[in-house]
Every structure is written in C-alpha cells, then in structure tokens.
Amino acid sequence: MSKKVVSLLLTATMVATLAGCGGGGDSSDPAADSGTEGGSSAGAGSTDESNADESTADAGTETPADDVEKPEEITIMVDGTVFTEENGRDQFMAKLEELTGIKINVIQPDHDAYYDVVGQQIAGGDWPDVLILASTQMSSYGSEGVLWDMADAWNNSELKKRQEANNGAGVVESMFIDGHLYGMPATHGNGCVTYVKQKWLDDAGITSLPTNFDEYYDMLLKLKEAEGVDYVVAASGFLNAEAPYINYFPEFYQDAWPSFYQKEDGTWADGFAEDSMKEAMRRLAQGVADGVVDPESNSYATSDVRNKFYDDSLGVFTYWAGTWATNIKNNCENNGLDGTMAVMPPIAEVTAGVQGQHDGNGGYIDRVSPAWCITTQCENPEGVFKYFIEAMQDGADTQFLWTYGVEGTHWSTAAETLYADTENAKTYAEGEFHMLDNLETPGSQYTKAHIDPMLALTALANDPRETTVAPEALAAQELFNANSVGAFVVPSTDAMNQNNGDLMTEKQSLVTKVALGQMTVEEAYEEYESQGYAQMSQEIVDSLNAQ
Amino acid sequence: MKEKKKNNTMAKIYKYRGFYLMFLPVFVFAIIFFYAPMLGIRYAFTDYNGIKEPTFTGIQNFLRMFSMHNFWSAFWNTIQISIIKLLLTTAFAVIVSILLNEIANLLFKKVVQTIIYLPHFMSWVVTASIFSLILSPSSSGLVNTFLVNIGVLDANSTIYFLGTSKWWRPAYYIINIWKETGWQTVIFMATLAGINTDLYEAAAIDGAGRWAKMRYITFPQLRNTILTVIILNLAKVMNLFESAFVLQNNAVLDVANVLETYIYYQSFNSGSIPNYGYTTAVGLFKSLVGCVLVLVCNHWSKKVREGRGIV
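The numbers attached to residues start from 1 for each chain and follow its sequence in the written order. The naming scheme follows written order: chains are lettered A onward, ligands numbered 1 onward. Reporting of local features is limited, given that this is a predicted model, to residues whose pLDDT is at least 70; pairs of side-chain atoms are given and counted only at 80 or more, and all residues count toward the totals for whole chains, interfaces and linings. Hydrogens and waters are ignored; side-chain quantities use all the structure's heavy atoms.

## Examining the packing of helix α8 (residues 165–193) of chain B against helix α10 (residues 210–234) of chain B
Residue and element names in this part refer to chain B.
So, step 1. Axis lines are fitted to C-alpha atoms, over the contacting stretch for helices. Their N-to-C directions set the angle, which ranges from 0 to 180 degrees. Helix and strand labels come from DSSP, where a helix needs a run of H or I of at least four residues and a strand needs a run of E of at least two; each type is numbered from the N terminus. The N-to-C vectors of α8 and α10 enclose an angle of 145°; their axes lie 10 Å apart at closest approach. By crossing handedness, the relation of α8 to α10 is classed as right-handed. In contact with I187, F188, T191 and L192 of α8, α10 contributes T218, Q221, L222, T225, I226 and V229.
So, step 2. Each residue gets one label: Ala, Val, Leu, Ile, Met, Phe, Trp, Tyr, Cys and Pro are nonpolar, Asp, Glu, Lys and Arg are charged, and the others, such as Gly, are polar. Among the residues making up the contact of α8 with α10, the classes are represented as six nonpolar, four polar and no charged. Less than a right angle of anticlockwise turn of the near helix away from the far helix marks a crossing as left-handed, whereas a clockwise turn marks it as right-handed. Contacts were defined at the residue level, with two residues in contact if any of their heavy atoms lie within 4.5 Å.

Set out below in structure tokens:
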C-alpha cells in the first residue's frame, strides 16, 4: 500500500515539475521575454541600455503588459538584402533567434529572381509569415488581401514613438494606402546619385560639375574625347519595369515619368503619354547617336554596368547613394584605378519625374522603401509585429544585429590587421569596432547588414557608425538626402493587374527602340496608339480615378 | 459471350500480373505528373490571380488573347523561328555528318566530333553571355572589330547584332547552329555507319567518284532519317523558351518574343499580380496548336516510315 502511495506521489511530483517547466517556457509571459531580450550582451558592440534614451531602452527590453503572445516559430521570405548563406546567414539567424526567442525559418531565393519566386509562392497558397516586398508588390498583394494591415499595431506601438523621435515616422506614413499599412520599412528608401570619376574630369580639364543638361551633355562629350572610350555612361535598361523606372538615367529623363501618377488635383494620369516623356526619349536617342550612352544598356544587368565602371570602360554611373559610394571606390581601387568620385548634385532639370510636383522641389528620387510585410496566413500577426518587426528597430541589440551583423562573422573589436601584406592593410586596436572581410568576396569589408546605419528610421544606442561609415559614403548620402524627393505608392486595381504586364513591356520596347535610333518618337507613339496600348493605359487611369 | 470475354481479359491480366505490377509505378507517375496537372486547364476559363477563388468568365480570356497584338506577334514568331531553326540545324547537321563520314583518319574524326559536340553541353545563359561579348557593338566585340579592320564597317557605325530587329534572327540562327549542330550529327552518323559498304565498293567499280557516291548512295540512305528527325522535332516547335529568352531584349521583342516568353512577361512584368487565367489560356492555346502539329506529323510519319507513326 505504501509503495502505491509513494509511486502516486512521485508521479504527481513529476507531472507538477513538467507542468512547471512548461510554464517557465511560456512565451506569452512578458517578464520572461524581457529577461531574454534585455539580458543578452553582444560584447563591445552591444548596446548599453543605461546610456540609451528612455524610450529606446523601454522598447528594446520591455514588453508592455498586454496580451500579445510571442510566436514560437515563424517563416520569413527575404531577398539578398539580408545576409545570404555565403555571407553568414546561419550565424545571423542563430543570433536573431537568441535575441528574439523565436525560431526563424528562412526562404531566400536568388536576389534577381526574388519577385518571381514570391509570385509563385503566393500563387502556390503556402505563404510565409513575413516577407519583404517592394512598394508595387506591397500595394498589389495588400489590395488582394494577402497582407495583414498593421496600421493599428503601428499607431499604438512604441516603434512609432521611436521613429517620430528620429524623424523616421514620415517614411512609414507615406506608405499608407487608403488608410491601410501593409508593410513596415526598416530604413529610408534611398535612391541613386550620379558618380563621375574625378580622374576623368581632370583628364578632360573639367573643374566644376554640371548644373544643367547642356553642361552635363557637354561633360559627357568631353569625357569621351579625353579618354578615347566607346561610351561614357550606361545603365541596366533604358527603362526599368519596376518603380522608380527612371532612376538610372535621371539627367536624360528629367521631369518625365513613364507610368501612373496622381496629379495635384487628385486625378490620375499616365506620364508616358506626356510631352516630357517624348523629350526624354529624344535625349536618350541623341546620347546613343553621339556615342556617350552605351547602346548595350538595353541588355545589361546591373552587375554588368558596375563591372564596366570598375574596369574603366565608363566614367559616369548613376547608382545608389550611401554605402555604395564606398563599394564603388573600393572596387575601382582594387582594379588599380583612382577611386575618387565626384558626386553630382541633381542638375536643374532633374525634378524626379512627377514626384517633384508633390512638394514643388525636385531632385533625385527617394524611392518607397521595401517593407517587411506580414501575410494574412500568419496565425499571430500581432505577435510577429511586436516581437519580430518592431524588435528590428528596437534601438538596441536586435537593431544592432540587423545593422551590423554578428560579432566575429561580420564585425569585431579584436586587435587585428586586415589585408596584411597588401597595400590595403588596415590595423585595428583592441576594442576598436570594425567590419570584417566579406566572406563571399574576400578583399572588401562589409559595410552594413540589412539596415543601412545612415538610413535607419530609429536611433541606435551606441551606434559605431562614426567609425564604420566612410567619409565618401556619408558625403554621398548627405548629398542625396538634401536633394531628393520622396516617391509615392500607386494603388493596385483589377485593370492594372490585367493590362500592366503588356503595357509595361510595350513601353520598354518603344523607349529602347527610340533610344537605339530604330524608330522615331512619332513612330513610337503612333504604334502605341494603333496597337491599342493607349486604350489600355486609359483603362488603368479610369480604374484609378474610379477608386 | 460478353461474360466469357471479360473472364478472358481478367485471366490475361492475372497471367501477366508481374508485368502489370511493374507497370503500376509508371502508371501512377503518369497520373500524378502528367494528367493531374491538366486539371489546371480549367483556369483558362476563369479570372484567377492565384489568391482569390477563380471566377468563371467563359471564353473572355481567349477573346482578349486574340485581340492582343503582342500575342499574335509572339505566335507567328514562335512558328517562324522554330521551323527555320529546325530546318537550318538539321541541314547543317547532315552536311557536317557527311563531311565527318569522309574523314579517313579515325583519331582526327573523333577529335572533331568531340569538339563540335561540346557546345551542346553549355548552358544557354553562358552561351548568351559569350555571344553578347562576341557580337557587341563596342570595340571589345570580336565580329564588329573584325568587320571594321577589314574595312566593311566604319568604326562609328558598328552593328548591334543582338539589339537590332533586322540582325537578331540571323544571329540567333547562327548561335543555334553553333550550339546544336554537333549534337544532331549523332543520329546521322549512326545512320551513315549502318550503310552497307558493298554499295560504295560497287559504285567505285562502276567508276563513281566521291561526289557521286555521296549523291547516289549516302544522301538517299540518309533521307528517311532526315525526314524522321524533322517530323519528330516539328511536333515540338511550340516549346521554345530558354534560347529565345536569354538572347532577346527590349529592342527586338517584335521579332524575338515567342509564346512562352510572352507568358513570362505577362506573369512577371506587370509589377502587380498577374491574371493566371489569361496566361493559362495562352498556354492552352499553345498546347492545342502543338497537339495539332503532333497529329499532322504522325500522319506524315506513317507515310514516310511505312506505317510507323510517332504516337
């Protein structure tokens, strides 16, 4: 009898113990969560909450006493802006799981095919919980009910306060579509500025950068003559299929916009039919005919143009501001070239297409930032927003991870010499923060992780960016920030979904043919009308106006 | 009588149960991978974006398709490019096979064969990159530089072969000949190897030279094989994607866009959610045309191959 009593007691104790273990691991316990998130230390690179401002520390380490449950496991779909497998994705995700307490499964297609795979994944019906989407896709999928509306969650979040404190909330507000917010940007959108090789300028005896199109074109002609090259400037495509369409040839497009936009009176129009677009096409054609614009821009991938710039085949290159300024400089220097670049302020005629109408200024286009979206198949969207998306901009350890990566893999504070025995040798003292050598392309240092420190929407406590951001990157970014106009999100309609594939293909074809001199502008627009594309465009405009 | 027949069939199945058992995996495979996906055909008659439930629209997608200029352009491009490519590569394969057959030195013959087979194993992406460089209008383009150096072209008027409608197709055919001729010679070489050497000896006794032997023995012996190859490949002319996709660009879509790339652009070039109903309709139309071609080819095949069809 006593044996039976003892065994019953032992069983009861064991059950109670197991139940206790389960309770301790309950992710819905806010106290347990805050301990996990706030207790980690990432060494010298970690944030010191005692020094961080109050709102930052609160948001990064505490969970308000609400009933938002932390998800145990989520699946995310990301492009190449998150570390790829070759660049230490496993280490990054392991650290992220440690900081968030969420098991994260990653789907990461090839960067260039990302949106093709997203389309297939969505059509297949097996949606990830979270995915990165560009503005056009976000608008389309949002209108079709694929994406969870995070407007309320954001409005009631600490994240909004932190972004407001850092002048970052406006970026989020510009992403609202009819009162809905389908995605959370991690940074400002950023955009492209025009880089000119200083050596080429010197060789051509050009002492000041152009301020208008005539001067710009004159500069291209002089550079061609001085260097004896085939062409001076190129881009990946004369017209891109995705917004912001024209940002690689801003000087030629100027105020033209090849797609749909909302006019000041609130009605919608297709900029492709306007005179500004016709003039832009004529300028491109002239550039190709004069041998300053590379005709093979028609078939180049972005990497082709970069490589041509790095191997000195080109001297002018419109590309991303910020850290890309450093990448461009380093890659040119790695090829034995002078890496000094002159960054051009936008010429007078560059009004960022129709975007300029929104605030009357103009300049380069600050694109709508890609955003982190939560799908409606996600079982716990509030939890994912709070513990994954909001944590990404917590101003503390998790934001640090998304900004600089993992200690020992992407950055370090150890005393060491990188690229020893080369002319690019860099020596760092103990405790000095520095980015490490790129795992995939040895010879160049990492500059950032997913969040560009210069574009962050929230302040990062103990941000080492003063030591990591190179002066040329900072200069390019500041020039862009001072001379750019925010883009806007175009809503999606059935007519757009139905017709825009055909329409965009035709627009690209016509612009290219005119640029290559195979067709005049008049012939192009005659074809546009006669083959029904003008009608197609009007149907989309009507559908946008009917919304 | 009927009952007896049924029993007889069952008895046969039982007798050959081992064979039926071996056939079972193939049957299941065919059902799952060939026939089950055909259920997707129904989307051609719906408005379907892959997210919301499809809504029945009858033949609207087909009416829209037939009204689209780009569709018809892609359709005729597919037919023209495929057939010309087929005829050219087959003709070159026959010529190369006959020439190879004339080589007496076995080692040299094998080396040549191996060299001309190799391009077949190169991916189309790599092939496109190589020929983009070779045909580039810049000073790094091999062909243009050569033409400039021999005085055919002026340095300022080089030809953008892959970016001009007039030149794209000739360039495409040449690239295809370079890549596929070698591989296609395999089947012709096998036929040539099977020709009775007595015929050549008899012809030699009759005073026939090399050219006469080729004309009166080799070529007639190859004729059936040539027709078979053409007929078999004719049934596949609608399936043209990779080679056209990697070599085309925005400047040449009027001559280079084929049905499968048209479907691709419809799906991925809108920046928004494609109508899979429409793209399925285009795919279904393509399959129907392909099906008709198979039946026509089958008919021809029976005539040419003495009653043996391809299906």
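After presenting the structure, the write-up continues.
## Structural notes on the pattern of salt bridges
Residue and element names in this part refer to chain A.
So, step 1. A carboxyl oxygen of Asp or Glu within 4 Å of a side-chain nitrogen of Lys or Arg is what we treat as a salt bridge. The final tally for this structure, using the stated rule, is 15 salt bridges over all chains.
So, step 2. Among the salt bridges present, the one from D312 reaches K197, with a minimum N-O distance of 2.9 Å. Of the two residues, D312 is situated in the loop between α14 (302–310) and β8 (316–320) and K197 in strand β5 (residues 192–197); the sequence distance between them amounts to 115 residues.
So, step 3. If you follow the salt bridges from partner to partner, you end up with E279, R282 and E522 in one network.

## Observations regarding helix α19 (residues 471–482) of chain A
Residue and element names in this part refer to chain A.
So, step 1. Expected helix span is computed as 1.5 Å times (number of residues minus one). In a regular helix each residue adds 1.5 Å, so twelve residues correspond to 16 Å; α19 covers 16 Å between its end C-alpha atoms and thus fits that length.
So, step 2. Restricting attention to buried positions, one finds in α19 the residues A473, A476, Q477, L479 and F480. Across the axial projection of α19, the buried residues extend over an arc of 160°, all falling on one side. Exposed residues lying more than 90 degrees from the buried face of α19 are P471 and A482. For every residue, the accessible area obtained with a 1.4 Å probe (protein chains only) is divided by the maximum for its type, and the residue is called buried under 20%, exposed over 50%, and partly exposed between those limits. For this quantity, the arc is that covered by the directions from the helix axis to the C-beta atoms.

## Quick look at the sheet that holds strand β4 (residues 184–185) of chain A
Residues and elements named next belong to chain A.
So, step 1. Across the sheet, five strands lie side by side as β2-β1-β3-β11-β4; this open sheet has mixed pairing. Both edges of this open sheet fall to β2 (103–107) and β4, since each of them pairs with a single strand only.
So, step 2. Pairing between β4 and strand β11 (residues 371–374): two bridges, direction antiparallel. Bridging from a neighbouring strand, M184 pairs with W372 of β11.
So, step 3. The strands touched by helix α6 (residues 135–143) within the sheet are β3 (130–133) and β11, with β3 carrying the most contacts at an inclination of about 130°. DSSP calls a pair of strands paired once it identifies at least 2 bridges connecting them.

## Some remarks on the domain arrangement of chain B
So, step 1. Its domain assignment divides chain B into domain 1 (1–33) and domain 2 (71–273 + 292–304).
So, step 2. Domain ranges listed in this record stem from an automatic or a database domain assignment. For domain 1 of chain B and domain 2 of chain B, the distance between their C-alpha centres works out to 44 Å.

## Let's talk about the interface of chain A and chain B
So, step 1. Between chain A and chain B, the residue contacts involve 39 residues of the former and 36 residues of the latter.
So, step 2. Of the roughly 3100 Å² buried at the junction of chain A and chain B (both faces included), carbon and sulfur atoms supply 45%.
So, step 3. Viewed at the interface, chain B and chain A are joined by two salt bridges.
So, step 4. Put simply, E144 of chain A and K52 of chain B hold a salt bridge, and the shortest N to O gap is 3.4 Å.
So, step 5. Counted as a polar contact is a pair of N or O atoms within 3.5 Å, where, for protein atoms, one must be capable of donating a hydrogen and the other of accepting one, and residues adjacent in sequence contribute only when both atoms are in side chains. For the interface between chain A and chain B, the tally reads 20 residue pairs in polar contact (both at pLDDT 80 or more). Summed over both partners, the accessible surface that disappears when two parts come together, traced with a 1.4 Å probe, is what is meant by buried area.

## Concerning the domain arrangement of chain A
All names here are of chain A.
So, step 1. For chain A, the assigned domains are domain 1 (40–187 + 368–404) and domain 2 (192–362 + 490–545).
So, step 2. The distance between the C-alpha centroids of domain 1 and domain 2 comes to 32 Å.
So, step 3. With eight residues of domain 1 in contact, the opposing surface of domain 2 contributes seven residues.
So, step 4. Between domain 1 and domain 2, roughly 480 Å² of surface is buried when both sides are summed, and carbon and sulfur atoms account for 37% of that area.
So, step 5. When the area that domain 1 buries against domain 2 is broken down by residue, the three leading residues are T136, S139 and E144, summing to 46%.
So, step 6. Counting every contact that joins domain 1 to domain 2 gives zero salt bridges.
So, step 7. In this structure, the connection of domain 1 to domain 2 is made through two residue pairs in polar contact (both at pLDDT 80 or more).

## A few points about the pairing of β11 of chain A
Residue and element names in this part refer to chain A.
So, step 1. On β11, burial covers both faces: A371 and C373 on one face and W372 and I374 on the other are all buried.
So, step 2. Two elements, β3 and β11, share four bridges in a ladder whose sense is antiparallel. In the strand pairing of β11, L131 is matched with C373.

## Re the packing of helix α4 (residues 89–100) of chain A against helix α17 (residues 397–404) of chain A
Residues and elements named next belong to chain A.
So, step 1. Viewed as axis vectors pointing N to C, α4 and α17 meet at an angle of 170°, and their least axial separation amounts to 10 Å. The angle between the axes of α4 and α17 places the two elements in the roughly antiparallel class. The hand of the α4/α17 crossing is left-handed. Of the residues in α17, those in contact with F92, K95, L96, L99 and T100 of α4 are D397, T398, L401 and W402.
So, step 2. The residue inventory of the contact of α4 with α17, partitioned by class, reads five nonpolar, two polar and two charged. Each angle receives one of four descriptions, namely roughly parallel if under 35 degrees, roughly antiparallel if over 145, roughly perpendicular if within 65 to 115, and oblique otherwise.

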